[in-house]
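Next come the chains, spelled out residue by residue.
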Amino acid sequence: MKVVLRFAPSPTGPLHIGGVRTALYNYLLARKYGGIFILRIEDTDQTRFVPGAEEYIIESLSWCGITFDYGPHIGGPHAPYRQSERKAIYAEYAHLLVERGWAYYAFDTEEELEEMRRRFEAAGMSAPQYNAITRSYMKNSLTLPPEEVQERLRSQPYVIRFLVPRGREVRFYDEIRGWVSVHTKEMDDKVLLKSDGMPTYHLANVVDDHLMGITHVIRGEEWLPSTPLHVLLYEGFGWEMPKFAHLPLLLRPDGGGKLSKRDGDQLGFPVFPLRWRDPFTGEVSEGYRERGFLPEGLTNYLALLGWHPAEEREIFTMEELIQAFSLERVSKSGARFDFEKARWVNQQHIRKLPLERLTALVHPLWMARGLPSISEVQLMQLMALARERGALLPELIEAVRFFYEAPTFPLPPEKESKLNPNLVEKLPQWMDHLWALEPWNAASIEAFIKSQAKSEKMTLSQVLPALRLALTGEEMGPSLYVIIELLGRVETRRRLERFLAEYGVRREV
RNA sequence: GCCCCGUUCGUCUAGCCUGGUCUAGGACACCUCUCUUUCAAGGAGGAAACAGGGGUUCAAAUCCCCUACGGGGUACCA
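Parameters at a glance
Residues numbered from 1 in each chain as written. Chains lettered and ligands numbered in written order. Predicted model: local features only at pLDDT ≥ 70, side-chain atom pairs only at ≥ 80, totals over all residues. Heavy atoms only, no water. Helix = DSSP H or I, 4+ residues; strand = E, 2+ residues; numbered from the N terminus. Buried < 20%, exposed > 50% of the residue type's maximum accessible area, 1.4 Å probe, protein only. Contact = heavy atoms within 4.5 Å. Lys, Arg positive; Asp, Glu negative; His and termini not counted. Charge placed at Lys NZ, Arg CZ, Asp CG, Glu CD. Pairing = 2+ DSSP bridges. Axes fitted to C-alpha atoms, helices over the stretch in contact; angles between N-to-C directions. Near = heavy atom within 4 Å. Polar contact = N/O pair within 3.5 Å; in protein donor to acceptor, adjacent residues only side chain to side chain. Domains from an automatic or database assignment. Right-handed = clockwise from strand over helix to strand, strands pointing away. Salt bridge = Lys/Arg side-chain N within 4 Å of Asp/Glu carboxyl O.

## Some details on the overall build of chain A
When helices and strands are tallied, chain A shows 19 helices and 13 strands. Reported as C-alpha extents along the three principal axes, the dimensions of chain A are approximately 110 × 55 × 40 Å. By residue count, 52% of the 509 residues in chain A fall in the buried class. Of all intrachain contacts in chain A linking residues separated by at least 6 positions in sequence, the fraction that spans at least 24 positions is 72%. For chain A, the distance from the average position of its 63 positive side-chain charges to the average position of its 69 negative side-chain charges is 3 Å.

## Comments concerning the sheet that holds strand β4 (residues 159-162)
With antiparallel pairing, three strands are arranged side by side in an open sheet as β3-β4-β7. At either end of the open sheet lies a strand with only one pairing partner, and these are β3 (103-106) and β7 (191-193). In this sheet, adjacent strand axes meet at a mean angle of 45 degrees when their direction is disregarded. Where β4 meets β7, two bridges bridge the pair, whose relative direction is antiparallel. Bridge pairing links isoleucine 160 to leucine 193 in β7.

## Re the protein's contact with RNA strand B
Inspection of the region around RNA strand B gives 64 residues, with Arg177, Lys194, His308, Glu314 and Arg389 positioned closest. Here, RNA strand B places atoms within 4 Å of the protein, and 74% of those atoms are sugar or phosphate. Between RNA strand B and lysine 341 there is a distance of 2.9 Å, counted from a sugar or linking oxygen to a side-chain nitrogen or oxygen. Take arginine 351: an N or O atom from its side chain is 2.8 Å from a sugar or linking oxygen of RNA strand B. Contributing elements (two or more residues each) for the surface near RNA strand B: α4 (110-122), β4, β6 (178-183), β13 (335-336), α11 (339-352) and α18 (460-472).

## As for the pairing of strand β9 (residues 243-247)
Among the five residues in β9, four count as buried, and that is most of the element. By the bridge criterion, five bridges tie strand β8 (residues 216-220) to β9 in an arrangement that is parallel. Residue isoleucine 218 lies in a different strand from β9, and its bridge partner there is alanine 245.

## Quick notes on the domain arrangement of chain A
The domains assigned to chain A are domain 1 (87-193), domain 2 (353-404) and domain 3 (413-505). On a C-alpha basis, the centres of domain 1 and domain 3 stand 81 Å from each other.

## Focus: the pairing of β8
Of all the five residues making up β8, five are buried; the element is thus mostly covered by neighbouring parts of the structure. In terms of handedness, the path from β8 via helix α7 (residues 227-237) over to β9 forms a crossover that is right-handed.

## Observations concerning the pattern of salt bridges
Should the charged atoms of two oppositely charged side chains come close, the side chains can pair. The full count for this structure, using the stated rule, is 39 salt bridges. Where glutamate 446 meets lysine 450, a salt bridge forms, and the shortest distance between an N and an O atom there is 2.6 Å. Residue glutamate 446 and its partner lysine 450 are both found in helix α17 (residues 442-455); the two are separated by four residues, about one turn of the helix. What makes glutamate 446 partly exposed here is its relative accessible area of 27%. The closest approach of N and O atoms between arginine 493 and glutamate 497, which form a salt bridge, is 3.1 Å. Residue arginine 493 and its partner glutamate 497 are both found in helix α19 (residues 480-503); the two are separated by four residues, about one turn of the helix. On the basis of relative accessible area, arginine 493 is assigned to the partly exposed category, the value being 25%. If you follow the salt bridges from partner to partner, you end up with Arg6, Arg40, Glu42, Arg86, Asp208 and Asp209 in one network.

Structural data, given as structure tokens:
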């Protein structure tokens, strides 16, 4: 049988990395079994609609390499894939449930509900629910005479509530957690159809999952407590249930609860895949892309948060993840996000990336930084030097930007103290030899410097650090011989002359 | 409060289903050494965990129960 999976986000803001992981696991499983993967937008709460969120979700997942077969941006056999556009369908099914005795109409106002909760709370009941006990005190089609119900249906707003059956133990099998059971006395008569005619999540997700032929529902653990309701809904409709799998939550690094959109930039690392600008407040949150992550680095790390491959390898391409992934190896407990490890995983991917692709990725970043313009060919030489020296793309630029930004003198005091006066004194003579050096490559430059140092009775550690400061202004970095080669004869000389102008000659006054 | 789910190194986790092979394995981070002009990368090594208590058993990280702790849910939000 063909598997059909879906990712069903709500466009109430940017997708956060927990959502990306949920999408990823669904995607991985769909692709592994050659099934179908659907994007469904759950926009049934009109009050929480955020402009741009849906586009953001699609763009983010696409950047991550997570692709869909059907969705609002693609179409498909069960279109529309936006729940707000399927409104009529849900109302029809909600009424069907009423006819079958699995649901009823309720007319209580918000104030009346509030009042009921207060009353029962005062009577010593904690968190009063609309359930078998309280429903008999409320205004609904179970308590009101039929004529009044008809009258109210015509004249006032109403909701449709699920009628939780009494005295039953609802059991279902979770692919990750095993059997879970809840007694119906713990459940309340959830609203299925809201007074604005829109369904709640519970109704919409069951109806759509059935209609769209979903075989596996993989979602966050926060849905575990409402799954018994969904199970009962399937029973009420007489539909076959999909398999359920509830993923462990992604926790904040401090362990204080699940990661949420509101964490924004507060944690010291991005929680969104892409930059997000809040359309209401104008507040901007950085994303993983802007931070310099490779999509394959992010998804690889995310895959590891809550899932473990059967082998000890940790670095996977998306294709390899698809092959290796399985629900059996998903763990049950929540995982804290560890930015350091995410960086490391990304670094591994940077090192695996062909130099051409790495260069193509870094080139626009380089230009955007306002650094002197550079050709891709030139940048590729620099990337060969930089690629092992950074975990995030911008760090690669930082590692080699001195090639295009000559050091400024005087150096800061802490660096100045590293200059070797002996070398500075000899430098003018060295320069003359260096200028004439043939051929101009790292190997001959290395040979030259070593022989000079030897004849001056200086060690390399007396020579190189000072020379590096003179040429790059930095105390550390790639091989100095290679740097000199790439800098070229002219630029090397120019930088050394400027250095000597500052430090070389004692000016007589 | 009530309900549900969870609990192995600081973190992510392997092992648990199918008790013995676990003096509990790997990875990130950390520390030491090594390579190197330096930093990074690499190599070698180190410190570091079965939440607690009861059972069952010849034997328990693994099975059962209780407690504690953590998280989630408890909306006409998803």
